[in-house]
Amino acid sequence: MNDVLLAAVAFVGTHFLLSHPLRAPMVARLGERGFLGVYSLVAFATLGWLAVVYRAAPAGTPLWPVGDGLWAVATIAMLVASMLFLGSLVRNPALPDPGAATRPVPEAHGVFAVTRHPMMWAFALWGLSHILVYPDPSNVVLCLAVIVLALVGAHMQDRKKAALQPDFWPEWERRTSYLPSAAIVRGRARIGKLGMHTIAGGVLVWLVATWAHVPLAGWAAGIWRWID
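These numbers were taken from a predicted model, which means no experiment stands behind them.

This part is about the packing of helix 1 (residues 2-19) against helix 2 (residues 23-56). The angle between the axes and the distance between the axes are what describe a pair of packed helices. Taken N-terminus to C-terminus, the directions of helix 1 and helix 2 make an angle of 165°; their axes are 9 Å apart at the nearest point. Taken together, the axes of helix 1 and helix 2 lie roughly antiparallel to each other. Here the hand of the crossing between helix 1 and helix 2 comes out left-handed. Where helix 1 abuts helix 2, its residues D3, V4, L6, A7, A8, A10, F11, T14, H15, L17, L18 and S19 lie against R23, M26, F35, Y39, V42, A43, T46, L47, W49, L50, V53 and Y54. Tallied by class, residues from the contact of helix 1 with helix 2 come to 18 nonpolar, four polar and two charged.

Before going further, it helps to spend a moment on a nonpolar patch on the surface. Taken together, the side chains of L63, W64 and V66 make up a nonpolar region of the molecular surface, amounting to roughly 240 Å² of accessible area. Structurally, L63 is set in the loop between helix 2 and helix 3 (68-88).

With that settled, consider the packing of helix 3 against helix 5 (residues 118-133). At a minimum axis separation of 8 Å, helix 3 and helix 5 run at an interaxial angle of 160°. Taken as axis vectors, helix 3 and helix 5 run roughly antiparallel relative to one another. Between helix 3 and helix 5 lies a crossing whose hand is left-handed. Touching L70, W71, V73, A74, A77, M78, V80, A81, L84, F85 and S88 of helix 3 are P118, M119, W121, A122, F123, L125, W126, S129, H130, L132 and V133, all from helix 5.

In terms of nonpolar packing, the biggest core is built from 22 residues, with L84 and W172 touching the most fellow members. The leading source of residues in this core is helix 5, at five residues. If sequence neighbours within four positions are ignored, L84 has contacts with V111, P118, M119, W121, A122 and L125.

On to the packing of aromatic side chains. In the structure shown here, the tally under the stated rule is seven aromatic pairs. Centre to centre, the rings of F168 and W169 are 6.4 Å apart; their planes meet at 40°, and the pair counts as tilted. This pair shows no difference in class: F168 is buried, exactly as W169 is. An angle of 25° between the planes, with centres 6.5 Å apart, marks the rings of F168 and W172 as stacked.

Moving on, we come to the environment of L149. Within the secondary structure, L149 is located in helix 6 (residues 137-164). The sequence separation of L149 and F11 amounts to 138 residues, and the corresponding C-alpha distance is 9.1 Å. Not counting chain neighbours up to four residues away, the residues in contact with L149 comprise F11, V12, H15 and F16.

So, about helix 2. Along its 34 residues, helix 2 runs just 33 Å from first to last C-alpha, ending more than 12% under the 50 Å computed at 1.5 Å per residue. G31 marks where helix 2 bends most, by close to 115°. Turning to helix 2, its buried residues are M26, F35, T46, L50 and V53. At its buried positions, helix 2 is contacted by helix 1 and helix 6.

Let us look at unusual backbone geometry. One non-glycine residue, R91, lies in positive phi territory at about 55°. Relative to the helices and strands, R91 resides in the loop between helix 3 and helix 4 (111-114). The class for R91 is exposed, based on a relative accessible area of 73%. Its identity as a non-glycine residue notwithstanding, S181 has a phi of 75°, on the positive side.

As enumerated under the stated definition, the model contains six salt bridges in all. Overlapping salt bridges bring together E107, E171, R174 and R175 as one network.

Between its first and last C-alpha atoms helix 3 spans 30 Å; for 21 residues at 1.5 Å apiece the expected length is 30 Å, and the two agree. In this structure, the buried side of helix 3 is in contact with helix 4, helix 5 and helix 9 (196-211).

Mapping F112 onto the fold places it in helix 4. The exposure class assigned to F112 is buried, which follows from its relative accessible area of 6%. Counting along the chain gives 45 residues from F112 to Q157, while the straight-line C-alpha distance between them is 15 Å. Beyond its immediate chain neighbours, meaning those up to four positions away, F112 contacts G87, S88, V90, R91, N92, P93, P118, W172 and T176.

The rules behind each value
- Counting restarts for each chain: residues are numbered from 1 in the order of the written sequence.
- Given that the model is predicted, a residue must reach a pLDDT of at least 70 before its local features are reported, and side-chain atom pairs must reach 80 or more before they are shown or counted; all residues, however, enter totals for whole chains, interfaces and linings.
- Only hydrogens and water are removed before side-chain values are computed, so all heavy atoms of the structure are retained for them.
- All axes are obtained by fitting lines to C-alpha atoms, using only the stretch in contact for helices, and the reported angles, taken between N-to-C directions, cover 0 to 180 degrees.
- Comment: elements are numbered from the N terminus, with helices defined as DSSP H or I runs of at least four residues and strands as E runs of at least two.
- An angle counts as roughly parallel when it lies under 35 degrees, as roughly antiparallel when it exceeds 145, as roughly perpendicular when it falls between 65 and 115, and as oblique in every other case.
- Here is the rule for handedness: rotate from the far helix to the near one, and if that takes an anticlockwise turn smaller than a right angle the crossing is left-handed, while a clockwise turn gives right-handed.
- Here a residue-residue contact requires only that any non-hydrogen atoms of the pair lie within 4.5 Å.
- Gly counts as polar in this scheme, as do all residues outside two lists: the nonpolar Ala, Val, Leu, Ile, Met, Phe, Trp, Tyr, Cys and Pro, and the charged Asp, Glu, Lys and Arg.
- Patches in this entry comprise residues that are over 30% relatively accessible and not in a salt bridge; like charges within 9 Å are linked, as are nonpolar side chains (Val, Leu, Ile, Met, Phe, Trp, Tyr) within 5 Å.
- The accessible surface values rely on the Shrake-Rupley method and a 1.4 Å probe; as for residues, cover is taken only from the protein chains in view.
- We define a salt bridge as a contact between a side-chain nitrogen of Lys or Arg and a carboxyl oxygen of Asp or Glu at a distance within 4 Å.
- We call a set of buried residues a nonpolar core when its members are Ala, Val, Leu, Ile, Met, Phe, Trp, Tyr or Cys and they connect through side-chain atoms within 4.5 Å of each other.
- Think of it in three bands: with a 1.4 Å probe and only protein chains considered, a residue is buried below 20% of the maximum accessible area for its type, exposed above 50%, and partly exposed in between.
- Here the aromatic set is Phe, Tyr and Trp, taking the six-membered ring for Trp, and pairing holds for ring centres within 6.5 Å; pairs whose planes are under 30 degrees apart are stacked, those over 60 apart are edge-to-face, and all others are tilted.
- The span one expects for a helix is its residue count, reduced by one, times 1.5 Å.
- Bend, at a single residue, is the angle you get between axes fitted to the 7 residues ending at that residue and the 7 residues starting at it.

Just distances and angles here, no functional claims.
The structure is reproduced here in structure tokens:
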């Protein structure tokens, strides 16, 4: 497990270092394309290292017993994660957009009323679900790395976006929330229509992804655990 921990720290740590404190000086020296080349190389190398040592790690003693209760929680969490992820792919201000600085700030609807970082929370829910039902020490380390990268990365993205888009992002932050449902509770947003891409797309991805655990991992996940 020590190798997995070391690789996970390297993967997450280099991502944060290159995305934030080292980005500006490296862009100044290498140019945007040069920086992206270095960033991609480091990301792929550390991710590959993490994948190799994770696959090679021997199975450890589960940290807690896993019954139908935890499986039910994880199954529901993965459905929510799938909907958040699919919803984040449409009209997401956080995705690269050269015209973002000049467009008006929209009202938050759908998954963006829930959180302005639906994609990142989807990754975090994925990590949490897999910790709950597969509490192998190496898997816990891997999933915690995904959770930290997603949620800390979302917070740091807010700071970077506010600096890059001062006429857009601060107002978008005011209309939304980092924490799920906080803006709705405070009356700053209403969930409204989620859209078929969120609901139907999320359910489809959830069904396919959980079913795929059988041929890929050899054990059933999601609702397929209870379907003969």
